[in-house]
Amino acid sequence: MIIYETNKSWLRDLSHLARSWTMQKIMRSVGLVGLGTAIICVIEMDVFEIEANAMVASIYSLLGIVLSLLLVFRTNSAYDRWWEGRKQWGALVNHCRNLAVNAHAALPRQDLLTRKVLSRDLSNFCFALKEHLRSGVKMEELVLLSEEEKAHYATKKHLPNYLSFQVHLHLQDAFRRGDISEADLINLKPNLQGLLDVLGACERIKKTPIPFSYNVFLKLFITVYTLLLPFGFIPEVGYWAIPLVMLVFFAFIGVEMMGEEIEDPFGLDCNDLPTGSIAQTIYSNVCEILNEGELSPDIKPTILYEKVF
């Protein structure tokens, strides 16, 4: 995710567009549309002489309004998914912190082992969830595990589920040993259940994209509208139709591709959520609470696709 400072530098924020992969893709498409419009201009103005028609211009205006409404719905739906994903990861931060604080206060002072495994499994739940929502869990990102444990974890089809079970199991075992009371276990339950609630909500966002037929129809509508637009502009403005058609297409396809990019907020696109950084934050916070700041020596915080402008 790109992190920028608001109200700092308008021109510097705009300069990022030239380095954006999405913007480069948009500009290539706009260039092709400009080339096609130029060819139509030459044919229509030098080969055929077509007079302007007010009725045709009105039809283009009406179609443009309809297309704008469809794009508004598209971007709103995509942003709702992005914001819902961010709220779920924010809730995950709160659940992990609350769980760590309550467990640390409830466990006996001398029970360092339970604290260690709790911090390990809570952190690994977040790291596993991050990649589970992408292309699959990466065992090398999990912390404080032996090679045997990594091999065992690799056999699990749904590792975040298993790690959530492990966190439950550690606390349930502490209750059976009498290290924590029944009231303490009851207080811990909402945060324990919150782990799976966040997991289920993120999977719902990931596995329920915007309906395919709506997406295809919108792309088809933009394509047909852009292809027909030169025939409405050229009789009115001549060769000025080339930049005008390019500008209209730039606006429409830019909004559409912006919606596509944030539709899946858990990937690695520039504007996706910084789930890697959030997982690292949870790891640091949980270890600080339960292990007095003891972090794994074999992992360093990494932030992917984030930059402050």
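About the thresholds
- Residues numbered from 1 in each chain as written.
- Predicted model: local features only at pLDDT ≥ 70, side-chain atom pairs only at ≥ 80, totals over all residues.
- Heavy atoms only, no water.
- Helix = DSSP H or I, 4+ residues; strand = E, 2+ residues; numbered from the N terminus.
- Contact = heavy atoms within 4.5 Å.
- Buried < 20%, exposed > 50% of the residue type's maximum accessible area, 1.4 Å probe, protein only.
- pLDDT = per-residue confidence, 0-100.
- Axes fitted to C-alpha atoms, helices over the stretch in contact; angles between N-to-C directions.
- Parallel < 35°, antiparallel > 145°, perpendicular 65-115°, else oblique.
- Left-handed = near helix turned anticlockwise from the far one by under 90°.
- Nonpolar A, V, L, I, M, F, W, Y, C, P; charged D, E, K, R; others polar.
- Salt bridge = Lys/Arg side-chain N within 4 Å of Asp/Glu carboxyl O.

Visitor: Would you take a moment to explain the environment of Ile282 for this structure?
Guide: If you trace the backbone, Ile282 turns up in helix α10 (residues 275–290). C-alpha of Ile282 to C-alpha of Val93: the two residues are 189 residues apart in sequence and 6.0 Å apart in space. Sequence-distant contacts of Ile282, that is, excluding residues within four places in its chain, are made with Leu92, Val93, Cys96 and Cys126.

Visitor: Before we go on, may I ask you to explain unusual backbone geometry in this structure?
Guide: One non-glycine residue, Leu144, lies in positive phi territory at about 55 degrees. Relative to the elements of secondary structure, Leu144 occurs in the loop between α4 (112–132) and α5 (147–153). Taking relative accessible area as the criterion, Leu144 reaches 27% and is therefore assigned partly exposed.

Visitor: What is the right way to read the confidence of the model for the chain from this model?
Guide: Detail in the predicted coordinates should be disregarded across regions flagged by low pLDDT. Of all residues in the chain, 85% attain a pLDDT of 70 or more, and the chain-wide mean is 85. Below pLDDT 50 for its whole length, residues 296–309 participates in 37 contacts with residues either more than four positions away or in separate chains.

Visitor: Help me out: how do you make sense of the packing of helix α8 (residues 212–237) against helix α9 (residues 241–263) in this one?
Guide: Angle between the axes and distance between the axes: these two values describe a pair of packed helices. In the contact formed by α8 and α9, the axes pass within 8 Å of each other and the chain directions differ by 165 degrees. When the axes of α8 and α9 are compared, the pair comes out roughly antiparallel. Note on packing geometry: the crossing formed by α8 with α9 is right-handed. Contacts between α8 and α9 involve Asn215, Leu218, Lys219, Ile222, Tyr225, Thr226, Leu229, Pro230, Phe233, Ile234 and Val237 on the former and, on the latter, Ala241, Leu244, Val245, Val248, Phe249, Phe252, Glu256 and Glu260. Looking at the contact of α8 with α9 residue by residue, the classes come out as 14 nonpolar, two polar and three charged.

Visitor: What's the story with the pattern of salt bridges in this structure? I'm lost.
Guide: Two side chains that carry opposite charge are able to pair once their charged atoms sit near each other. Applying the stated criterion across every chain, the model contains 15 salt bridges. Across the pair Glu263 and Arg74 runs a salt bridge whose closest N-O atoms are separated by 3.5 Å. Within this pair, whereas Glu263 is found in helix α9, its partner Arg74 is found in helix α3 (residues 54–106), the two being separated by 189 residues in sequence. For the pair Glu263 and Arg74, a shared accessibility class is recorded, and that class is buried. Between Asp264 and Lys206 there is a salt bridge, with the nearest N and O atoms lying 2.9 Å from each other. Remark: Lys206 occurs in helix α7 (residues 182–207) and Asp264 occurs in the loop between α9 and α10; sequence separation between them is 58 residues. With relative accessibility at 27%, the residue Asp264 sits in the partly exposed group. Given the relative accessible area of 29%, Lys206 is considered partly exposed. Each of Arg74, Lys219, Glu256, Glu260 and Glu263 takes part in salt bridges that share partners, so that together they form one network.

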